[in-house]
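Structural features, examined
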Amino acid sequence: MLMKTDKKNKDKNKSKKKKKAPPVDFDKYLYYEKSVQNPQNELDFFNEKFSEIKGRKPLTLREDFCGTGAITCAWAAQGSEHFSYGVDLDPEPVDYGRKHHLAKLKPEDQKRVNYLLENVLTAQTPKVDIAFAFNFSYFIFKKRSELLDYFKKAKDALNDDGVFFIDLFGGPDSQTVMVDEIDHGDFKYYWECQQFNPLNNHCRFAIHFKRKGEKKVKNAFVYEWRMWVMSELKDILTEAGFSQCISYWEGEDEDGDGDGNFFVTEDAENCDAWVTYIAAVK
Ligand SMILES: C[S@@+](CC[C@H](N)C(=O)[O-])C[C@H]1O[C@@H](n2cnc3c(N)ncnc32)[C@H](O)[C@@H]1O
C-alpha cells in the first residue's frame with residue numbers, strides 16, 4: 001500500500017523531467033488486490049490452522065498493516081460472532097477499503113468491522129484470537145530491537161490462547177535483482193527486486209502494472225525492507241514471549257509448483273522462490 005517510500009518516490013519523480021502520470025482511471029489498489037490477495041484463502045488458512053493448534057474456532061481477528069483491509073472485512077462477514085480490527089496508519093488505503101470492502105458488507109456485518117488509523121506499535125484493540133501481519137509488512141522494521149518490540153505488541157494484542165501469524169518469503173531469486181512478471185490477461189503484474197544488500201539483507205522491492213495497450217505504471221508500490229529469515233524470526237518471536245513457533249511449508253503439485261497447502265515442518269528443501277508462514281502461539 002502507499003508507504004512513506006512511495007511518497008518519497010513520487011516527490012523525487014516530480015523534480016525529475018516529465019514522467020508520465022498513470023491514467024486518471026488507474027486504480028492501483030484494484031490491481032494490487034487482484035495480484036497479491038485472496039481473502040477467502042486467508043480465511044481458510046486461519047480457520048484451519050487455528051483450529052489445528054487450539055482445537056476451537058477463532059472468532060476475533062486483528063490485521064496489522066491492513067492496507068485496504070480486505071481480509072478484515074471478509075473476516076467479520078463470516079458470522080455474527082466474528083469481529084475484526086484493521087490497523088494501518090495511511091488514510092489512503094483505509095479510505096479505499098471503507099469504500100470498496102466495508103460498504104459492500106451487510107449493515108449488521110459492517111458493525112463488527114473496525115478500522116484503526118494508527119501505528120501498529122501503539123494501536124489498542126480488544127484482545128483477539130488471531131493477530132497477523134501479511135505481505136511481509138513487518139519487514140519495515142530493520143532493527144532487531146524494533147522487530148522485537150513489534151512482536152511483543154502483537155503478543156499483547158492476543159487472548160491468552162491467541163495465535164499470531166506472519167508470512168515471509170525467500171529463496172535465491174528473491175535475493176537477486178530481477179523482475180518477475182505475471183500475466184493476468186487484461187493486465188500484467190511485475191514484482192521487482194531493485195536492490196538487495198547481502199551484508200544486512202536490506203532490500204528494495206517494487207510493484208509495477210501494465211494494462212493492455214497502455215504504458216507500464218512503474219513503482220505503483222515501493223517497499224524498503226529488511227528481509228528477515230525464518231530462524232531469526234523464530235528466535236525473536238521466542239524472545240518476545242511466544243511459547244511456540246510453528247513453521248509451515250507449501251506442498252507441491254505434479255509439476256513441482258506450490259499446491260497452496262501448507263503443512264508443519266522443520267525441514268525443507270530450498271527452492272528459487274518461496275512464500276511461507278509462521279504461527280506464533282501465545
Ligand atoms: C505492504 S502493505 C500491506 C498491506 C496488506 N497487509 C496486504 O497484505 O496487502 C504495508 C502497509 O503497512 C502500512 N504501515 C506501514 N507502517 C505502519 C505502521 N507502523 N503501523 C501501521 N501501518 C503501517 C502502510 O501504510 C501500508 O498500507
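**Some words on the overall build of the chain**
Summing up its helical and strand segments, the chain has eight helices and 12 strands in all. Computed over the C-alpha atoms, the radius of gyration of the chain is 19 Å, within 12% of the 19 Å expected from 2.2 N^0.38 for a compact globule of 282 residues. Across its three principal axes, the chain shows a C-alpha extent of roughly 55 × 45 × 40 Å. Across the 282 residues in the chain, those meeting the buried criterion constitute 31%. Taking the intrachain contacts of the chain between residues at least 6 apart in sequence as the baseline, contacts between residues at least 24 apart amount to 65%.

**Overview of the nonpolar core**
Counting residues in hydrophobic clusters, the biggest one holds 60 residues, and the most contacted among them are I130, A131, F132, F164 and F165. Split by domain, the residues of this core number at least three in each of domain 1 (4–33 + 172–226) and domain 2 (35–168 + 229–281). Residues contacting A131, with those up to four places away along its chain left out, are R62, D64, A154, A157, L158, G162 and F164.

**So, helix 7 (residues 144–156)**
Taking 1.5 Å of rise per residue, the 13 residues of helix 7 would be expected to cover 18 Å, and the 18 Å separating its terminal C-alpha atoms lies within 8% of that figure. Elements that come into contact with the buried residues of helix 7 comprise strand 1 (60–64), strand 4 (128–133), strand 5 (158–170) and helix 8 (230–239).

**Side note on the confidence of the model for the chain**
When pLDDT is averaged across the chain, the result is 92; 93% of the residues are at 70 or more. Segment residues 1–16 is flagged for pLDDT under 50; beyond a separation of four residues in sequence, or across chains, it makes 17 contacts in the model.

**Side note on helix 5 (residues 91–100)**
Three or more residues of helix 5 are buried, namely P93, V94, Y96 and G97. Taken around the axis of helix 5, the buried residues stretch over an arc of 160 degrees, which confines them to a single face. Along helix 5, exposed side chains directed more than 90 degrees from the buried face belong to P91 and K99. Elements that come into contact with the buried residues of helix 5 comprise helix 2 (28–36), helix 4 (70–76) and strand 3 (113–116).

**Regarding the sheet that holds strand 5**
Strand-to-strand pairing in sheets goes through backbone hydrogen bonds, with the strands running parallel or antiparallel. One open sheet accounts for eight strands, arranged 3-2-1-4-5-12-10-11; its pairing is mixed. In this open sheet, the two edge strands, each paired with only one partner strand, are strand 3 and strand 11 (258–264). Taking the axes of each pair of neighbouring strands and ignoring which way they run, one obtains an average angle of 20 degrees across the sheet. Strand contacts of helix 3 (residues 39–54): strand 4, strand 5, strand 10 (244–252) and strand 12 (274–281), with the helix running at about 125 degrees to strand 5, the strand carrying the most contacts.

**Brief notes about the environment of V163**
For V163, the location among the structural elements is in strand 5. Considering only alpha carbons, one finds V163 and V128, 35 residues apart in sequence, at a separation of 8.7 Å. Ignoring any residue separated from it by four or fewer positions in sequence, one finds V163 in contact with F50, I53, K54, I130, A279, A280, V281 and K282.

Scoring rules and cut-offs
- Residues numbered from 1 in each chain as written.
- Predicted model: local features only at pLDDT ≥ 70, side-chain atom pairs only at ≥ 80, totals over all residues.
- Helix = DSSP H or I, 4+ residues; strand = E, 2+ residues; numbered from the N terminus.
- Rg over C-alpha atoms; globule rule 2.2 N^0.38 Å.
- Buried ≥ 20, exposed ≤ 12 C-beta atoms within 10 Å, placed from the backbone.
- Contact = placed C-beta atoms within 7 Å.
- Core = buried A, V, L, I, M, F, W, Y, C linked by C-beta atoms within 7 Å.
- Domains from an automatic or database assignment.
- Expected span 1.5 Å × (residues − 1).
- pLDDT = per-residue confidence, 0-100.
- Arc of directions from axis to C-beta.
- Pairing = 2+ DSSP bridges.
- Axes fitted to C-alpha atoms, helices over the stretch in contact; angles between N-to-C directions.

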